[in-house]
Amino acid sequence: MSAAPTAPAKEPTTFAFSQDYLRRAEQIIAKYPPGRQASAVLPLLDLAQRQCGNWLPRAAMDYVAGILGMAPIRVYEVATFYSMFNLQPVGKWFLQICGTTPCWLRGSDDVIRTCESKLGIKMGETTADGKFTLKEVECLGACVNAPVVQVNDDFYEDLDAASMARLIDALAADQPPPKGSMTGRQNAAPVGGPQTLDGRAPGGDD
Amino acid sequence: MPKLTINGQAVEVPPGATVLQACESAGVEVPRFCYHERLSIAGNCRMCLVEQEKAPKPIASCAMPAADGMVIHTDSPMARKARKGVMEFLLINHPLDCPICDQGGECDLQDQAMAYGFDRGRYDENKRAVPDKDFGPLVKTSMNRCIHCTRCIRFITEVAGIEELGATFRGEHMEVTTYVEKALSSELSGNIIDLCPVGALTSKPYAFSARPWELRKVESVDVLDAVGAAIRVDVRGGEVLRVLPRLNEAVNEEWLADKSRFACDGLRRQRLDRPYVRRDGKLQPATWPEALAAVAARLDGVQADRIAALAGDLACVESMVALKDLFAAIGSGNIDCRQDGAALDPRTRASYVFNTTIAGIEQADACLLIGTNPRWEAPVLNARLRKRFLAGGFRVALIGQQTDLTYRYDYLGAGPQTLADLASGKLAFGDLLRLAKRPMLILGQGALARPDGAAILALAREVAEKFNMVREDWNGFNVLHTAAARVGGMDAGFVPGHGGRGTAEILQGAQNGTVEFVYLLGADEIDPDLLGKAFVVYQGHHGDEGAHRADVVLPGAAYTEKNATYVNTEGRPQQARLAVFPPGEAREDWKIIRALSEAMGKRLPYDNLAQLRRRMESVNPIFAAPGQVAPVSWGAFGTSGPVQAAPFATLVSNYYMTDPISRASETMAKCTATFIARTGDAKAGAAE
C-alpha cells in the first residue's frame, strides 16, 4: 500500500460517467433513501474505476463526490481505505498474487518468482509496455485452491511455476484462459475427483 | 438518572452521560487523548480505560454510557495496567523528539507518559515515517508524532464546518491529511493546534520561539473583532510571543479565531514608538513636550465648532471618555466613534448591542441575517450559530451577500427591498418567523454603514417587533459589530453632542474648511483625501493610514500594552490587561490625553486609572460591572424613510486584515496571499 499519494504523470483533469455508467450509477443511488446517497459511494467508485481502466484518478473521486453531494475528502478517505481501489494506473492485466499463509504453504513463492523473472518487474511495478502490473495481496479467500492469482476480476487457482508461466504467456497474447483452477479440477472439488455422492453407499454405514 | 459508584464514591449523573463524565462529576480525572467535551466521541485512543466490576475487560470510559449500578475503578491495578499497555502502543510509532518538539512542556502525551509510560521501549522495529502535510501558513505539521486521536478532523468538520481534513489509508498507514495538500480554509483553524494532544500540529509563526515555562501569561481580552474573546497573552521579555484562547462559556467557549490568535506579530512591526511633528512637510521625530505643545498651540484660539475628533476601531473606553471630557472642556460636540458612518442610534442601547447574547443563540430557533457575513466578521460567533444549527430545529435566512457560512441558510435577497418585503409580510420566511418561539435577527454593519442606514435600522426594528422577537423574556434583535471599540464608544457617549457633527459632517467640514482640526484616536479607516486641509493629530500605535496623514503623531499603546476596557458586541464590558509595556516613548492612551489637557491648560480631573474608571462609571454605570451583560430596555430608534436599492455589502473584504495590527502582521499577509488573493474572493489589503 502506498503511504502517500504521488500524482502520476498522466492524471486526467476531468472525469464524467459515460451514458451507460451514468445510468447504472443512477440505479445504484436509487436503492438508498433520499438524503442517504452517500451510501452509494463504494459501488460508484467501483464504476468509476472500471471506466478509467482499473484505476481511480482524483478527478473521478471528485466527480463521485459531486454527484453524491459529499465533501471530496470523505470520498478520498473511502477510496484510500480499500485496497481494491487503485490510486495509480495499472497495467492491462493486473496480477494480484496472494501470499498469505495457505497460498504460501502451497508454493506462492514459486508463483511470485515466476512472475517477477518472466515480466522483469518487482512487486508493485508495471511493465514498460503497460501490459502487466504485479501486486502482492493478502488472502483472496480461495485458500482451497491455493495458490491463487487474481487477474483483473478473475481468479486463477492451483498455480505453480509452470502454469503461472503459461498464464502469463496467454495474457501477453491477450488470450486469457478460462478462469478457475489451472489443473482442471472442478471448482473446489477434491483434487482426485469427486469422493462423495458418486453412487457408492456412504462408508462405514453398511 | 443513573446512579453509579466511582472509586467507592456514589454519584448520580444525567441520563446519556458517559462513564468518563460521571468520573469527572465525582472529581476523578481520567487520562484521555481523543475525548474532548466539545467534539463528538471517537473512542479510538483507548487511554481512558477503566475497570468496571463484572465486565470481562476494561471499558473505554469516554464511549461507555453510564448505567445504573455500575461500579467503576479508575485506579485499580487492572486499569493502570491497561493504560500502561495503551501508552506503550501509542509510543511505538511516536518519535522520541521531545527536546526538539514545540509541544514540549505542554504536551498531554508527555505528561501522561510520566504517569503511565514504561521506562524503555520493547519495540525493536523501525518506527513508521509519515510525510508532513501542508496545512497553510498557520498550522505546522509533524505527522510522525500523530497518535491518530482525530480531534483535529472532528473539530474542522464539526465546529469549523469545513470538510477538508480526513483520515486516509488505514491501520498503520493511516494519515491525517487534506489529501490534496491544501491550506485549511477555516478562520478557526488555529484551534486544532490547541486541540492536538501531541506535537503533530503546532503553531507555524510561533515555531521554536519559546518554551512554555519561560512565558509570563497574562489573561486579557481580544479586540481584533467585536466578539471580545477571552485570551491569554504569552509574553517573554518585552515581547508578545503568542495569544491563546481562554475559557469563557458566555463568549468564545474555548475557541479563538485565527486573526485574533496569529496577528500578534503585527504588534512588533510598524509601531509608533516616539512622537512626531510635521515640519517642512515631513514628519520629524519630536519629544513629548514638543508634540503636545504643537497640538495645544494649533488649538489655541480656534473656535470650538471648528475642531473634531474621531475614534477608531481599537480605541479603549478609557481613552474615549478622556477625549470626550477634553472636548467637552473645549466646548466642542464634534466627536464620533462611528468612523465607518454606521447609523447606530445612541438613544437606545438595545439598538446597537447583540441583545440575545452569544450564549443565547443556543436558545433561538430561527435567525435572520441582514447584511452580515458572520463567518468573517465574528468567526467564533459564527461557530456558535453553526453549533445551534447542528443541534437541529434552527432555520437561518440571509439578506445580503451570498457566501458559505458553514451552515445551510435560505437566501432571501440581496438588499433593503427584500427586508422591506419581509417586513410587509410578502416573504414565506415571515411565516416561519411568526411560528418560531425564539426568533432572532442579526443586523450587520454592512446594512448600517450606508447612507440609508437609519432607515434600514428602523426597518429591522419593524421586523423585530412584527415577528415578536422582542418580549419580556427574549430579545432577538441583534447588531453584530466588527470593531471592538464601537459599543464602548456608544456606551461612553462618544457621539456628536447637541448640535455637534457626526463622521460624515466632520469629513465634509474638513474638505470645505469649516473643520480645521481633526483628532484621530486610532481612526485608520478614513480616506486621507477626505481630511482636506485640516490639521490632523493621530494618536495610535501603528504607522497606518492615519499616521501617514497626520501633522502630529502621538504614539499610544496597543491592547496588550494597557489596562483598558472594551465592550463587546453583546454590550459586555471586559478588561484587557497590560502584558508588556508600550514600545519606546509610547504611552497608555488615556495618559496621553490627560497630558494634552494639561498642556492646553484644561486639566482633566483624574490622575490615575482608578479615578478615570470612577469617572467612566459616572458616565455609564455598565462600566462598573466588567464581564456582565446589563439588561437593556427596548425603545424607539432608527428613522423610517426610503431605502436605496443597492445590495448590502459586507464591510470586511479581507478577513485577515481589518485593523492596523493585522495589517502590520506578516502572518496575516501570508494568510491573505494564501486564502484571499488565491481565491479572488476579495481584494487583498495592502501588506507592508
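Cut-offs applied
Residues numbered from 1 in each chain as written. Chains lettered and ligands numbered in written order. Predicted model: local features only at pLDDT ≥ 70, side-chain atom pairs only at ≥ 80, totals over all residues. Heavy atoms only, no water. Helix = DSSP H or I, 4+ residues; strand = E, 2+ residues; numbered from the N terminus. Buried < 20%, exposed > 50% of the residue type's maximum accessible area, 1.4 Å probe, protein only. Contact = heavy atoms within 4.5 Å. Rg over C-alpha atoms; globule rule 2.2 N^0.38 Å. Buried area = accessible area lost by both parts, 1.4 Å probe. Salt bridge = Lys/Arg side-chain N within 4 Å of Asp/Glu carboxyl O. Polar contact = N/O pair within 3.5 Å; in protein donor to acceptor, adjacent residues only side chain to side chain. Nonpolar A, V, L, I, M, F, W, Y, C, P; charged D, E, K, R; others polar. Pairing = 2+ DSSP bridges. Axes fitted to C-alpha atoms, helices over the stretch in contact; angles between N-to-C directions. Phe/Tyr/Trp six-rings, centres within 6.5 Å; stacked < 30°, edge-to-face > 60°. Patch = residues over 30% accessible without salt bridge, like charges linked within 9 Å, V, L, I, M, F, W, Y side chains within 5 Å. Areas by Shrake-Rupley, 256 points an atom, 1.4 Å probe, with all protein chains shown as cover. Core = buried A, V, L, I, M, F, W, Y, C linked by side-chain atoms within 4.5 Å. Parallel < 35°, antiparallel > 145°, perpendicular 65-115°, else oblique. pLDDT = per-residue confidence, 0-100.

### Brief notes about the overall build of chain A
- Of regular secondary structure, chain A possesses seven helices and five strands.
- Beginning at the N terminus, the succession of helices and strands in chain A can be written as α-α-α-α-β-α-α-β-β-β-α-β.
- Reported as C-alpha extents along the three principal axes, the dimensions of chain A are approximately 65 × 45 × 30 Å.
- The buried share among the 206 residues of chain A stands at 42%.
- Taking the intrachain contacts of chain A between residues at least 6 apart in sequence as the baseline, contacts between residues at least 24 apart amount to 62%.

### Things to note about the overall build of chain B
- Within chain B, the regular secondary structure consists of 21 helices and 26 strands.
- The C-alpha atoms of chain B give a radius of gyration of 27 Å, which matches the 26 Å a tight globule of 688 residues would have.
- Viewed in the frame of its principal axes, chain B has a C-alpha envelope of about 90 × 60 × 50 Å.
- The burial tally for chain B puts 60% of its 688 residues in the buried class.
- A separation threshold of at least 6 residues defines the contact pool for chain B, and within that pool the share at least 24 residues apart is 69%.

### Things to note about the interface of chain B and chain A
- Taken residue by residue, the interface counts 17 residues in chain B and 17 residues in chain A.
- Interface area, chain B with chain A, both sides summed: about 1500 Å², of which 63% is carbon and sulfur.
- Sorting the residues of chain B by area buried against chain A places Phe169(B), Arg170(B) and Tyr179(B) first, and these three jointly supply 49% of that buried surface.
- On inspection of chain B and its partner chain A, the count reaches one salt bridge.
- The partner of Arg74(A) in a salt bridge is Glu163(B), with the nearest N and O atoms 2.5 Å apart.
- At the surface where chain B touches chain A, the tally comes to five residue pairs in polar contact (both at pLDDT 80 or more).
- Mapped by element, the contributors of at least two residues to the side of chain B that touches chain A are helix H4 (151-159), strand E7 (166-168) and strand E8 (175-177) of chain B.
- Counted by class, the side of chain B that touches chain A contains seven nonpolar, six polar and four charged residues.

### A few points about the sheet that holds strand E1 (residues 93-98) of chain A
All names here are of chain A.
- What the five strands build is an open sheet, ordered E2-E1-E3-E4-E5; its pairing is mixed. Lying at the two open borders of the sheet, with one neighbouring strand each, are strand E2 (132-137) and strand E5 (180-181).
- Seen against the sheet, helix H6 (residues 108-119) touches E1, E2 and strand E3 (149-151) and runs at an angle of roughly 150° to E1.
- Here helix H7 (residues 161-172) sits on the sheet and contacts E1, E2, E3 and strand E4 (154-157); the angle it forms with E1, its principal contact strand, is near 165°.

### Re the environment of Glu116(A)
Residues and elements named next belong to chain A.
- Here Glu116 is to be found in helix H6.
- The exposure class assigned to Glu116 is partly exposed, which follows from its relative accessible area of 21%.
- Spatially, the C-alpha atoms of Glu116 and Leu134 are 8.1 Å apart, while their sequence positions differ by 18 residues.
- Excluding its chain neighbours within four sequence positions, the residues that come into contact with Glu116 are Ile121, Lys122, Met123 and Leu134.
- Among the polar contacts made by the side chain of Glu116, one reaches the main-chain amide nitrogen of Met123 at a distance of 3.3 Å.

### Considering the sheet that holds strand E15 (residues 307-311) of chain B
Residues and elements named next belong to chain B.
- Spatial strand order, E14-E13-E24-E23-E22-E15-E16: seven strands in an open sheet with mixed pairing. Two strands in the sheet have a free side with no partner beyond their single neighbour: strand E14 (282-285) and strand E16 (335-336).
- Sheet strands touched by helix H18 (residues 589-599): strand E22 (517-521), strand E23 (535-540) and strand E24 (552-555). Its angle to E22, the strand with the most contacts, is close to 155°.

### Re the packing of aromatic side chains
- Per the stated rule, a full pass over the model turns up 14 aromatic pairs over all chains.
- Aromatic pair Tyr76(A) and Tyr179(B): ring centres 4.7 Å apart, planes at 35°, arrangement tilted. Of this pair, Tyr76(A) sits in helix H4 (residues 72-81) while Tyr179(B) sits in the loop between E8 and helix H5 (191-195), which puts the two residues in different chains.
- Overall, the relative accessible area of 3% leaves Tyr76(A) in the buried class.

### A look at the pairing of strand E13 (residues 276-279) of chain B
All names here are of chain B.
- Note: E13 against E14, four bridges, orientation antiparallel. Bridging across to E14, Arg279 finds its partner in Lys282.
- Joining the antiparallel neighbours E13 and E14 is a turn of two residues, in which Asp280 adopts a positive phi near 55°.
- Summarising the sheet, E13 and E24 pair through two bridges and their orientation is antiparallel. Within E24, the position partnered with Val277 by the bridge is Val552.

### A look at the side chain of His542(B)
All names here are of chain B.
- The topology assignment puts His542 in the loop between E23 and helix H17 (545-549).
- At 3.3 Å, the side chain of His542 and the backbone oxygen of Arg269 are in polar contact.
- Excluding anything up to four places from it in sequence, His542 contacts Gly266, Leu267, Arg269, Gln270, Arg271, Leu272, Ala547, Pro660, Ile661 and Ala664.

### Some remarks on the pairing of strand E21 (residues 477-480) of chain B
Residue and element names in this part refer to chain B.
- Across the two faces of E21 the burial is the same, with Phe477 and Val479 and Asn478 and Leu480 all buried.
- As paired elements, strand E20 (residues 439-444) and E21 share four bridges and run parallel to each other. Along E21, the bridge assignment pairs Leu443 with Val479.

### Structural notes on the environment of Lys54(B)
- Within the element layout of this structure, Lys54(B) appears in the loop between strand E3 (49-52) and strand E4 (59-60).
- Spatially, the C-alpha atom of Lys54(B) lies 50 Å from that of Trp474(B), the residues being 420 residues apart in sequence.

### Some details on a nonpolar patch on the surface
Residues and elements named next belong to chain A.
- Taken together, the side chains of Leu42, Phe81 and Tyr82 present a nonpolar region at the surface, about 240 Å² in accessible area.
- Within the fold, Leu42 resides in helix H2 (residues 41-51).
- The class of Leu42 is partly exposed, set by a relative accessible area of 32%.

### Details of the nonpolar core
Residue and element names in this part refer to chain B.
- Ranked by internal contacts, the top residues of the largest apolar core, which has 102 residues, are Leu4, Ile6, Ile72, Phe155 and Ile192.
- At five residues, H4 tops the list of elements feeding residues into this core.
- Those residues within four positions of Phe155 in sequence are excluded, and the remaining contacts are Leu39, Ala160, Gly161, Leu188, Asn191, Ile192, Leu195 and Trp255.
- If you look at the next biggest cluster of nonpolar residues, it comprises 81 residues, including Ile370, Leu443, Ile456 and Val487.

### A look at H4(B)
Residues and elements named next belong to chain B.
- Within H4, eight of the nine residues are buried, leaving the element largely enclosed by the surrounding structure.
- Regarding H4, the residues found buried are Arg151, Cys152, Ile153, Arg154, Phe155, Ile156, Thr157 and Val159.
- Just downstream of H4 lies Gly161, where phi reads positive at about 75°.

### Here's the deal with the packing of H4(B) against helix H10 (residues 379-390) of chain B
All names here are of chain B.
- Packing of H4 against H10 brings their axes to within 10 Å, and their N-to-C directions diverge by 85°. With respect to each other, H4 and H10 are oriented roughly perpendicular. Counted together, Thr157, Glu158 and Val159 of H4 and Ala383, Arg386 and Leu390 of H10 form the full contact between these two elements.

### Concerning the environment of Ala454(B)
Residue and element names in this part refer to chain B.
- Counting through the fold element by element, Ala454 comes out in helix H14 (residues 453-466).
- Considered as a pair, Ala454 and Asp345 are 109 residues apart in the sequence and their alpha carbons are 8.0 Å apart.
- Not counting chain neighbours up to four residues away, the residues in contact with Ala454 comprise Ala343, Gly638 and Thr639.

### With respect to the confidence of the model for chain B
- Across chain B, the average pLDDT comes to 94, with 98% of residues at 70 or higher.
- Low confidence marks residues 680-688 of chain B, where pLDDT is under 50. Its contacts with residues over four positions away, or in another chain, come to 19 contacts.

### Description of the pattern of salt bridges
Residue and element names in this part refer to chain B.
- Tallied over the entire structure, the rule returns 61 salt bridges over all chains.
- Between Arg80 and Asp75 there is a salt bridge; the shortest N-O distance is 3.2 Å.
- Two residues, Glu561 and Arg271, come together in a salt bridge whose shortest N-O distance is 2.7 Å. Separated by 290 residues along the polypeptide, Glu561 in the loop between E24 and strand E25 (564-567) and Arg271 in the loop between helix H6 (258-262) and E13 bring together distant segments of the chain. Exposure class is identical for Glu561 and Arg271. Each is buried.

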